[in-house]
Amino acid sequence: MITSPFSLQTKNIVITGASSGIGRSVAIECSRAGATVFLLARNQERLEETFSQLSPGNHRMAVSDLKDLANLESTAAALLPGGSQVFGMVHAAGAIFTAPFSMTRPKHFESLYAVNVIAGFELARILSQKKYVDLQTGGSYVFISSISALHGQQGAVAYASSKGALLAGVRSMALELTVKKIRVNAVSPGIVKTPMADTLFDSLPGEAAEQLLKQHPLGFGDPQDVAFSCIYLMSEAGRWITGQNLVTDGGYSI
Ligand SMILES: NC(=O)c1ccc[n+]([C@@H]2O[C@H](COP(=O)([O-])OP(=O)(O)OC[C@H]3O[C@@H](n4cnc5c(N)ncnc54)[C@H](OP(=O)(O)O)[C@@H]3O)[C@@H](O)[C@H]2O)c1
């Protein structure tokens, strides 16, 4: 019997970016909450490291570059055992590019949008096909956006705009997928201590990193903080929430 409204027992959940940071934590916490998880990322060794930390279950993983959009359908089919239905998806795969606007070229937008936006939306389209959806239980998809979609940041035009595109797409997708009882939401983290945040800090002068820390009244986040927001949105506790953006930022945007 399922007792907690935050349980993910019996739910199959696909997680992109599961080889590192937020996606890894989402995978681990979802498995702890009872889900069967299906993991995607490019780096096999790091995916296996995540896999080794999952609670026991019939979990699976596949090495895949999400920018290979033409292969996403076959990747999903290979990842999911025949006849599997998918309840949840968390699109945590993402890349960052930090540079002054004057040095931000179309190729930088294209590269970021391919993984941050288009791959996530294409995977959602694939997983929302009849063959993967249980129309009784529906589903819940979560896209990891960023506080940079809502608050201007220096050097972040390409990254911030890709994250803003996610928020806009989430609202329209949420409306379209209600007919299949699939809820669609975003989570927008502030700075979370992951390898991506380390890359950001490497590009900033020391005092800028200090300043960023001061702007987070509860300090920088842990990947688990974002994972818990995702679990809330995918669990029964979030059953009346769709088309929303759950800001999870330690008070950055207050
Ligand atoms: N950390 C923060 O402060 C922060 C704040 C706001 C939002 N976010 C967002 O949170 C998400 C996770 O970020 P993170 O901090 O956990 O970063 P991270 O530790 O660098 O992890 C990024 C993940 O994305 C995967 N990935 C990147 N490109 C891929 C591709 N082409 N195909 C498949 N997988 C790909 C990476 O896996 P492989 O390298 O193995 O492919 C990795 O698992 C991102 O969308 C990021 O924009 C992060």
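Not measured: the values here are computed from a predicted model.

**As for helix α2 (residues 44-52)**
- When we look at burial in α2, the residues that qualify are Leu47, Thr50 and Phe51. End-on view of α2: buried residues confined to an arc of 100°, all on one side of the axis. The exposed residues of α2 that point more than 90 degrees off its buried face are Glu45 and Ser52.
- The secondary structure elements touched by the buried residues of α2 are α1 (21-32), β2 (36-41) and β3 (60-63).

**So, the site of the ligand**
- Lining the immediate surroundings of the ligand are 28 residues, of which Gly21, Arg42, Asn43, Gly94 and Met196 lie closest.
- Within the residue set of the shell around the ligand, elements represented by two or more residues are α1, α4 (106-127) and α6 (195-202).
- The residue inventory of the shell around the ligand, partitioned by class, reads 14 nonpolar, ten polar and four charged.

**Structural notes on the sheet that holds strand β6 (residues 182-189)**
- As summarised here, the arrangement of the seven strands in space is β3-β2-β1-β4-β5-β6-β7, forming an open sheet in which the pairing is parallel. Looking along the sheet, the strands with just one partner apiece sit at the ends: β3 and β7 (245-248). In this sheet, adjacent strand axes meet at a mean angle of 15° when their direction is disregarded.
- Each of β1 (12-16), β2, β4 (88-91) and β5 (139-144) touches α1; the most contacted strand, β1, lies at about 165° to it.
- Set on the sheet, helix α8 (residues 223-234) makes contact with β1, β4, β5, β6 and β7; between it and β5 the angle comes to about 150°.

**A word on the nonpolar core**
- If you look at the biggest cluster of nonpolar residues, it comprises 67 residues, and the most contacted ones within it are Ile13, Ile15, Cys30, Leu39 and Cys230.
- Take this core: its biggest share by element is eight residues, from helix α5 (residues 157-177).
- Every residue in contact with cysteine 230, bar those within four places of it in the chain, is listed here: Val26, Val90, Val142 and Val187.

**Examining the environment of valine 157**
- Counting through the fold element by element, valine 157 comes out in helix α5.
- On the basis of neighbour counts, which here come to 20 C-beta atoms within 10 Å, the residue valine 157 falls in the buried class.
- Sequence separation between valine 157 and threonine 75 is 82 residues; the distance between their C-alpha atoms is 31 Å.
- Setting aside residues no more than four positions away along its own chain, valine 157 makes contact with Phe101 and Thr104.

**Focus on the environment of alanine 95**
- Here alanine 95 shows up in the loop between β4 and α4.
- Here the alpha-carbon distance between alanine 95 and tyrosine 113, two residues 18 residues apart in the chain, equals 8.9 Å.
- Setting aside residues up to four positions removed in sequence, alanine 95 forms contacts with Ser111, Leu112, Val115 and Asn116.

**Thoughts on the pairing of β1**
- Counting buried residues along β1, five of its five residues qualify, which places the element largely inside the surrounding structure.
- Residues Asn12, Val14 and Thr16 of β1 are buried on one face, and the alternating residues Ile13 and Ile15, pointing to the opposite face, are buried as well.
- Here five bridges tie β1 to β2, and the two strands are oriented parallel to one another. Looking across to β2, one finds that isoleucine 13 is bridged to valine 37.

Procedures and definitions
Residues numbered from 1 in each chain as written. Predicted model: local features only at pLDDT ≥ 70, side-chain atom pairs only at ≥ 80, totals over all residues. Buried ≥ 20, exposed ≤ 12 C-beta atoms within 10 Å, placed from the backbone. Helix = DSSP H or I, 4+ residues; strand = E, 2+ residues; numbered from the N terminus. Arc of directions from axis to C-beta. Contact = placed C-beta atoms within 7 Å. Near = placed C-beta within 6 Å. Nonpolar A, V, L, I, M, F, W, Y, C, P; charged D, E, K, R; others polar. Pairing = 2+ DSSP bridges. Axes fitted to C-alpha atoms, helices over the stretch in contact; angles between N-to-C directions. Core = buried A, V, L, I, M, F, W, Y, C linked by C-beta atoms within 7 Å.

None of the figures reported here should be taken as evidence of function without further support.
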